[in-house]
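Tertiary structure, described
Read off the chains here:
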Protein chains: 2
Amino acid sequence: MIKVAVLGYGVVGSGVVSVLLRNKDRIRQNAGQEIEVKYILDIKKFPESSHKPLFTDSFDTIRNDPEIKIVVEVIGGTKAALDYTRQSLEAGKSVVTSNKELVALYGNELMNIAAEKGVNYLFEASVGGAIPIIRPLVQCMTANIIGEIYGILNGTTNYILTDMEKSGSDFNAALTEAQKKGYAESDPTADIEGHDTCRKICILSSIAFGSHVHPEHVQTEGIKGITIKDIQNAKALGYKVKLLGRSRSVGDKVLAFVAPHLVSDHSVLSGVDDVMNAVVIRGNAAGDVVFCGAGAGKLPTASAVVADIIDAVRHVHARRWIGWSAGTADMLIDPEFMESAWYIRTDATRDKVMREFGSVIFAENHNGGNANDGGEISFISTVINKRTLQDLLSRDITALSKFRILGDY
Amino acid sequence: MIKVAVLGYGVVGSGVVSVLLRNKDRIRQNAGQEIEVKYILDIKKFPESSHKPLFTDSFDTIRNDPEIKIVVEVIGGTKAALDYTRQSLEAGKSVVTSNKELVALYGNELMNIAAEKGVNYLFEASVGGAIPIIRPLVQCMTANIIGEIYGILNGTTNYILTDMEKSGSDFNAALTEAQKKGYAESDPTADIEGHDTCRKICILSSIAFGSHVHPEHVQTEGIKGITIKDIQNAKALGYKVKLLGRSRSVGDKVLAFVAPHLVSDHSVLSGVDDVMNAVVIRGNAAGDVVFCGAGAGKLPTASAVVADIIDAVRHVHARRWIGWSAGTADMLIDPEFMESAWYIRTDATRDKVMREFGSVIFAENHNGGNANDGGEISFISTVINKRTLQDLLSRDITALSKFRILGDY
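The following refers to the structure shown.

Criteria and cut-off values
- Residues numbered from 1 in each chain as written.
- Chains lettered and ligands numbered in written order.
- Predicted model: local features only at pLDDT ≥ 70, side-chain atom pairs only at ≥ 80, totals over all residues.
- Heavy atoms only, no water.
- Core = buried A, V, L, I, M, F, W, Y, C linked by side-chain atoms within 4.5 Å.
- Buried < 20%, exposed > 50% of the residue type's maximum accessible area, 1.4 Å probe, protein only.
- Pairing = 2+ DSSP bridges.
- Helix = DSSP H or I, 4+ residues; strand = E, 2+ residues; numbered from the N terminus.
- Salt bridge = Lys/Arg side-chain N within 4 Å of Asp/Glu carboxyl O.
- Contact = heavy atoms within 4.5 Å.
- Buried area = accessible area lost by both parts, 1.4 Å probe.
- Polar contact = N/O pair within 3.5 Å; in protein donor to acceptor, adjacent residues only side chain to side chain.
- Least-squares fit on C-alpha atoms with pLDDT ≥ 70 in both.
- Disulfide = S-S within 2.5 Å.
- Phe/Tyr/Trp six-rings, centres within 6.5 Å; stacked < 30°, edge-to-face > 60°.
- Lys NZ or Arg CZ within 6 Å of the ring centre and 35° of its normal.

Structural notes on the nonpolar core
In this structure, Ile309(A) and Ile309(B) are the most contacted members of the largest nonpolar core, which totals 225 residues. Listed in part, the 24 residues of the second largest apolar core include Tyr150(A), Leu269(A), Ala278(A) and Cys292(A).

Have a look at this one:
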């Protein structure tokens, strides 16, 4: 029997305890021994909980208990979570987490401590919720040189975009609906401004390309600027609007950014709706491999956390082979040099657009810029980089929206 | 340095040698040591090959060479492949394979020999080509009780169905096209009659549910009966036709079968076209997780084989934790008891269909059974099991085609 402590009894923490109980037999079989939760740390009291005797507010009790071999950090944030993770690893305990912020900011340092102490720091649940992505990347794509990783990495924004598309709601109404359903937090900033997606693409990039990619170096654009018109125009052109985190290897540098994109109706990603997430890994032998599933939620996230706990039980003294070196800001390439076709919504005339942009594809749901649609048109440009795009737009074409079209350029 | 022998220098074998060379540095880094191909066994001669000195036609040389720790069996079939696999494992060498037929028929026996000898028998490439599926199922979904697995598991048939849909070709023309492009073999029986899909769903079922599911016990229907009308009718109803292997756990039994299905245009699977494969795993915590990628091809399959080689290098003396017990025929439940909505194409009248089937959804591309469409109509039934369906059809409604609609029933 192995004993674990769960730090934080919120959505994920209670899910972890629940999955450990619900699938006890299967988990014992897979782990090779029973896994028992000895402590649950939370500043709140849960007097009604059937796990009441397990609650503690003393992290020291957990750190000093030699029976505790694995600490599950599902507090979130970077304050207590960072402190307790460091202390747990220093005390020779493996740590399993779903905390993408912590991994994106301090992953390199924390893995170094884990390596030094001969324990594990595992974070499968930090990207893609239930989707197995970190382990497949590290263990299954090993024969490949990874060229690119991208995906729909945030369930809240994907829910909002899907709702806008399906119900015709505007952004604010869709956000309110998402909050009502528990898919968006009361302060939704980290999700809708793309920071959460940014943290996740940083973690994936760091693993795939070997150096720590820091969130503050990654250009990040959220979904607040997307209007219902953009969603409708995209549909008329045969696309859906999705927020993507993208990262590719360019020589010994990394090009990473977060931005809304148009993805073709014929792509697998266009079927990834609501709170689903999807990650595409491009290997030089495997080609594109896509992983989809529930990107968030109590049990899906717990599924990934518990898989890591089982892995840590099986390899309690072994160092796992995830790791990357410290990164630098100059390792990142500015995405403005990356070419793509662009979706543009503008109040300029068709003639003007054709004069400046040459051959473009206009969305057919407009009436050529007449009063009925507010004088707006939308179109898809040829393949150009962002600098060229901005140069063309500077010639008196106001882009009310501009998004990249996902494609093989 | 670790030395391996590659048995069979066909598409996959030459791909394996090619990937090992092309990604040598990355592979050495991931494996912890260099991997060198010492022998290539093939009955054919390759006098022009740059690997000429490695070729041998003597398996005994390989078996008796203590330097060979890993044997890569990519011969295919169950004759020499079975014999050499047994001998290699008995000689204490790990075996890595892409041979789904061998694993589906003899997996249990071969894994038992491997376990006895303390070596590995690994077969990630046997299902889904490049898609990491076996390792995620065994290592990442460990916190879940798996309820169901299904997917598009054969690239040839998926290519043919996609071609019929996109170009309007009939089955024979699409098959010829697939053969021209190298996506179908000159004898395409195993693919188009569903046997290949059957082998793969057997392997996935055996892993997920713990007992060997034998291909001869699994009802298997291929794609030869699918007409261009079915494809068009499905489209009019908002679906695509896909050949699925399906398997679910029902109590301590398994319900597994292979048959063409209609999948909704809104599903992730509908975006899985051409030679792409996709596997859906339903866990009781994770929910549905979907894995997509190239289901066949030289480098994609080699990507999975080489990942297994790397794994075997890392765990050269350890037994891997894949395994299942011997299965029995009575472990399988007849799919006729499984409910679903059905797509039916018939020459019966609408009135007659409504009289027998009650409330149905008719495809709108028909003219109500008039001469223009040969007097045919097509419709989707309510949710009923196959026995009820056959009972209804026996009342003088001839089903020209009948396929299940994939859905959550």
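Digging into the sheet that holds strand E3 (residues 55-56) of chain B
Residues and elements named next belong to chain B. Taken together, the six strands give an open sheet; going across it, the order is E3-E2-E1-E4-E5-E6, and neighbouring strands pair in parallel fashion. Each edge of the open sheet is held by one strand with a lone partner, namely E3 and strand E6 (121-122). Note that strand E2 (residues 35-41) and E3 share two bridges and pair parallel. Residue pairing across strands places Leu41 opposite Thr56, the latter belonging to E3.

Here we look at the pattern of salt bridges
One side chain can pair with another of opposite charge once the charged atoms of both are near each other. Under the counting rule described, the total for this entry stands at 70 salt bridges over all chains. Salt-bridge contacts for Asp308(B) lead to Arg135(B); the nearest nitrogen and oxygen are separated by 2.5 Å. With a gap of 173 residues between them, Asp308(B) in helix H12 (residues 298-314) and Arg135(B) in helix H6 (residues 134-140) connect regions that are remote in the sequence. Notably, a salt bridge pairs Lys200(B) with Asp196(B), separated by 2.7 Å at the nearest N-O pair. Placement of the pair is Lys200(B) and Asp196(B) together in helix H10 (residues 195-209), with a separation of four residues, close to one helical turn. Assessed through its relative accessible area of 4%, Lys200(B) is described here as buried. Because the salt bridges share partners, they merge into one network encompassing Glu148(A), Arg246(A), Arg248(A), Arg282(A), Asp288(A) and Asp408(A).

Some points on the interface of chain A and chain B
On the side of chain B, 44 residues touch chain A, which itself brings 44 residues to the contact. For the pair chain A and chain B, the two sides together bury roughly 3,600 Å², of which 55% comes from carbon and sulfur. If you sort the residues of chain A by the area they bury against chain B, Cys140(A), Thr142(A) and Ala143(A) come out on top, with a joint share of 15%. If you look at where chain A meets chain B, you find zero salt bridges. At the junction of chain A with chain B, the criterion picks out twelve residue pairs in polar contact (both at pLDDT 80 or more). For the side of chain A that touches chain B, the secondary structure elements donating two or more residues are helix H1 (11-22), helix H2 (24-31), helix H6 (134-140), strand E12 (287-294) and helix H12 (298-314) of chain A.

Quick notes on the relation of the copies chain A and chain B
Overlaying chain A with chain B gives an RMSD of 0.0 Å, the required rotation being 180 degrees about an axis along which the chain moves by 0.0 Å. Interpreted geometrically, this transformation is the action of a two-fold axis. Closest approach to the rotation axis among the C-alpha atoms of chain A is made by Phe291(A), whose C-alpha sits 2.4 Å away. Taken as a fraction of all interface residues of chain A, those also at the interface in chain B reach 100%, which identifies the copy contact as same-surface.

Some words on the state of the cysteines
The tally for this structure, following the rule as stated, stands at zero disulfides over all chains. Free cysteine: Cys292(A), not disulfide-bonded; nearest cysteine sulfur from Cys292(B) at 4.7 Å. Owing to a relative accessible area of 0%, Cys292(A) belongs among the buried residues under this scheme.

A word on the side chain of Asp196(A)
Residues and elements named next belong to chain A. By relative accessible area, which is 3% here, Asp196 ends up buried. Looking at Asp196, its side chain comes within polar contact range of the side chain of Asn154, at 2.8 Å. Residue contacts for Asp196: discarding those within four places in its chain leaves Lys100, Leu153, Asn154, Ala190 and Asp191.

Some details on the environment of Ala173(B)
Mapped onto the elements of the fold, Ala173(B) is located in helix H8 (residues 171-180). Taking the C-alpha atoms as reference, Ala173(B) lies 21 Å from His261(B); in sequence the two are 88 residues apart.

Side note on the sheet that holds strand E6 (residues 121-122) of chain A
If you trace the six strands from one edge of the open sheet to the other, you get E3-E2-E1-E4-E5-E6 (chain A), paired in parallel fashion. Where the open sheet ends on each side, the last strands, each with one partner, are strand E3 (55-56) and E6 of chain A.

A word on the packing of aromatic side chains
Between two aromatic rings, the relevant description is the distance of the centres plus the angle of the planes. Summed over the entire model, instances satisfying the criterion amount to 21 aromatic pairs over all chains. Consider the rings of Phe357(A) and Phe379(A), whose centres lie 5.1 Å apart with planes at 70 degrees: the pair is edge-to-face. In this pair, Phe357(A) is assigned in helix H13 (residues 350-357) and Phe379(A) in strand E16 (residues 377-380), connecting sequence segments 22 residues apart. Pair check on accessibility: Phe357(A) and Phe379(A) agree, each one buried. Ring plane angle 5 degrees and centroid distance 5.9 Å describe the contact between Tyr343(B) and Phe403(B), whose orientation is recorded as stacked. In this pair, Tyr343(B) sits in strand E14 (residues 342-346) while Phe403(B) sits in strand E18 (residues 399-405), placing the two residues 60 residues apart along the sequence. Since its relative accessible area comes to 0%, Tyr343(B) is described here as buried. We note Arg86(B) situated over the ring of Tyr106(B); from NZ or CZ to the ring centre the distance is 6.0 Å.

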